[in-house]
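Chains, contacts and geometry: an overview
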Amino acid sequence: AYPEMVRIVEVGARDGLQNEQSVSTAQKIALIDALAGAGLKNIEAGAFVSPKWVPQMADSLDVIAGLSVPSDVELSALTPNVKGAELALQSGVKEFAIFTAASEAFTQKNINCSISESIERFIPVMELAKANNIRVRGYVSCVVGCPYQGEVQPEQVLDVCKQLLAFGCYEVSLGDTIGVGTPNKVQNLLSLLLANIPRDKLAVHFHDTYGQALANIHKALEMGISVIDSAVAGLGGCPYAKGASGNVATEDVVYLLEGLGIYTGIDLERLARAGWQICDALNKAPVSKVSLALKSQ
Ligand code: HMG
Ligand code: MG
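Only a predicted model underlies this, so the values are computations on that prediction, with no experimental measurement involved.

Take the site of ligand 1 next. Lining the immediate environment of ligand 1, one finds 29 residues, of which V49, S50, G84, S141 and G175 sit closest. Looking at the shell around ligand 1, the elements that each hand over two or more residues are α4 (82–91), α5 (104–111) and β5 (135–141). With three residues, the top contributor of residues to the shell around ligand 1 is α4.

This is how it looks when you write it as structure tokens:
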């Protein structure tokens, strides 16, 4: 059965903008404020990663300091190591996100270490979080396929998910980083995971490279998953997954959920306006069919 309500985790300002060029700090602030205005309650606001690796996220401290979102909006940021966690703490976000992958090759390219080394690095991040009452979300990338080593087995995903949960993550988000998943592959993966992990500890994070994200989300909803990551206007990609396109567009997800009678608390019109605002700044159109359709009405 479908869940009654879904929590959307808006990742456009991070996953989206980490892969877009020349967005000013003020434009990022305006985007996140507009997303909060549209009713989004979980917003990933930036990444405390090496500015040499991802220069687009170098102003995350200033972005977060400039926000004026209501106090019930939960902001999070990526923290790959203790240095990132210290900066995130300074920023005042109440949620860290640690990230690794189900593929060794991708982990090396993305964070320059092995999967087990990444888990080691997260130990002090988790300690800092616990000492400061911060919750920690975990990401597993390449849950269906990897741009460097091809197909990824569900057992490998389960293994990494279990480690992150045992470690103290409140939730693990399953990243189809290069968007190669199809509903039957998602079903296969989730069947194994749900036999071993409580449903409410899993989120899905689909990139739309092959146009399958909404179909995959529908499958995940049917299997009871109630947390969905998405990016307004379908922004972005991943700098370490060549050819990857953006996340599924939040507008499209909200339209799907409304059609299924599932509560989101999001104002679709305002959300679409937030998308157009950032796309105007980027000098492109949203990658969201719903947004384009609303605009042409
Ligand atoms: P490294 O080079 O192995 O680390 O990078 P290092 O400790 O040797 O540090 C190198 C330099 O970076 C040093 O500076 C550090 O101070 C600095 P230098 O002495 O050379 O001047 N540094 C930092 N600066 C700011 N903040 C930090 C930080 N850490 C080190 N936190 C590292 C390792 C993890 C830092 C690097 O590989 C990195 O930043 N990777 C980030 C990659 C990234 O952001 N990828 C995109 C996000 S993940 C994603 O998109 C997938 C997801 O959406 C899910 C999905 O779709 O699958 C989540
Ligand atoms: Mg992603």
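The subject of this paragraph is the confidence of the model for the chain. Averaged over the chain, the pLDDT score is 96; the fraction of residues at 70 or greater is 97%. The ipTM, which scores confidence in the relative placement of chains, is 0.98 for this predicted complex, and the corresponding pTM is 0.97.

Time to look at the nonpolar core. Among soluble globular proteins, nonpolar side chains are generally buried collectively. Residues L35 and V140 are the most contacted members of the largest nonpolar core, which totals 93 residues. When residues of this core are assigned to their parent elements, the largest contribution, six residues, is made by helix α2 (residues 25–37). V140 has contacts with T100, A101, A102, V157, V160, C161, L164, V172, L174 and G175, leaving out every residue within four places of it along the chain.

Further remarks concern the packing of α2 against helix α11 (residues 268–282). One can describe the packing of α2 onto α11 by two numbers: an axis separation of 8 Å at closest approach and a directional angle of 170 degrees. Between α2 and α11, the crossing angle belongs to the class labelled roughly antiparallel. Between α2 and α11, the contacting residues are Q27, A30, L31, A34, L35 and G37 on the first element and R270, A274, Q277, I278 and A281 on the second. Across the contact of α2 with α11, the residue classes tally to seven nonpolar, three polar and one charged.

This brings us to the packing of α4 against helix α6 (residues 115–131). Between α4 and α6, the least distance of the axes is 8 Å, while the angle of their chain directions is 20 degrees. Considering the angle they form, α4 stands roughly parallel to α6. For α4 against α6, the interelement crossing comes out right-handed. Taking contact as the criterion, the partners of V82, A85 and L89 in α4 are, on α6, P124, V125, L128 and A129.

Spatial strand order, β1-β2-β3-β4-β5-β8-β9-β10: eight strands in a closed barrel with parallel pairing. The sheet shows a mean angle of 25 degrees between the axes of neighbouring strands, direction not considered. Where strand β4 (residues 95–101) lies against β5, seven bridges are found, and the strand directions are parallel. The residue of β5 that forms the bridge with T100 is V140. Contacts from helix α9 (residues 213–222) reach β8 (171–176), β9 (202–206) and β10 (227–230) within the one sheet, and its direction differs from that of β9 by about 165 degrees.

Working note: regular strand, side chains alternate between the two faces of the sheet. Pairing of strand β1 (residues 7–10) with β10, which is carried by four bridges, proceeds in the parallel orientation. By the bridge assignment for β10, E10 is matched with S230.

With respect to the helices and strands, N110 occurs in helix α5. Assessed through the 23 C-beta atoms surrounding it within 10 Å, N110 is described here as buried. Along the primary structure N110 and A249 are separated by 139 residues, whereas in three dimensions their C-alpha atoms are 23 Å apart.

Residues V227 and D229 line one face of β10 and the alternating positions I228 and S230 line the opposite face, and both faces are buried. Of the pairings in the sheet, the one linking β9 to β10 comprises two bridges and is parallel in character. Bridged to H205 within β10 is D229.

Next up on the list: unusual backbone geometry. Phi is positive for N112, close to 60 degrees, though the residue is something other than glycine. Structurally, the position occupied by N112 is in the loop between α5 and α6. On the basis of neighbour counts, which here come to 12 C-beta atoms within 10 Å, the residue N112 falls in the exposed class. With phi around 65 degrees, A233 is a residue other than glycine that occupies positive phi space. Positionally, A233 belongs in the loop between β10 and α10 (250–259).

Quick look at the environment of A274 now. Examined against the element boundaries, A274 turns out to sit in helix α11. Overall, the presence of 28 C-beta atoms within 10 Å leaves A274 in the buried class. Separated by 157 residues in sequence, A274 and E117 place their C-alpha atoms 39 Å apart. Sequence-distant contacts of A274, defined by excluding residues within four places in its chain, comprise L31, A34, L35, A38 and V232.

Here is what the cut-offs are and how they apply
- As a convention, each chain's residues are numbered from 1 in the sequence order in which they are written.
- To read the labels, note that chains go from A and ligands from 1, taken in the order they are written.
- For a predicted model such as this one, the threshold for reporting local features is a pLDDT of at least 70, and the threshold for listing and counting side-chain atom pairs is 80 or more; totals across whole chains, interfaces and linings nevertheless cover every residue.
- Only the C-beta atom matters for this test: placed from the backbone, it must lie within 6 Å of a molecule or strand for the residue to be near it.
- Elements are defined by DSSP. Helices are runs of H or I of four residues or more, strands are runs of E of two residues or more, and each kind is numbered from the N terminus.
- The predictor rates its confidence in each residue with pLDDT, a number between 0 and 100.
- Each nonpolar core comprises buried Ala, Val, Leu, Ile, Met, Phe, Trp, Tyr and Cys residues, the members being joined through C-beta atoms within 7 Å.
- With C-beta atoms placed from the backbone, a residue counts as buried when 20 or more other C-beta atoms lie within 10 Å of its own, as exposed when 12 or fewer do, and as partly exposed for counts between those limits.
- Note on contacts: residues are paired as contacts if their backbone-placed C-beta atoms lie within 7 Å.
- Only the contacting stretch of a helix is used when fitting its axis, a line to C-alpha atoms as for every element, and angles between N-to-C directions run 0 to 180 degrees.
- Small angles under 35 degrees read as roughly parallel and large ones over 145 as roughly antiparallel, with 65 to 115 read as roughly perpendicular and the rest as oblique.
- Put simply, Ala, Val, Leu, Ile, Met, Phe, Trp, Tyr, Cys and Pro go in the nonpolar bin, Asp, Glu, Lys and Arg in the charged bin, and everything else, Gly too, in the polar bin.
- By definition, any crossing whose near helix is turned counterclockwise from its far helix by less than a right angle is left-handed, and any crossing with a clockwise turn is right-handed.
- DSSP calls a pair of strands paired once it identifies at least 2 bridges connecting them.

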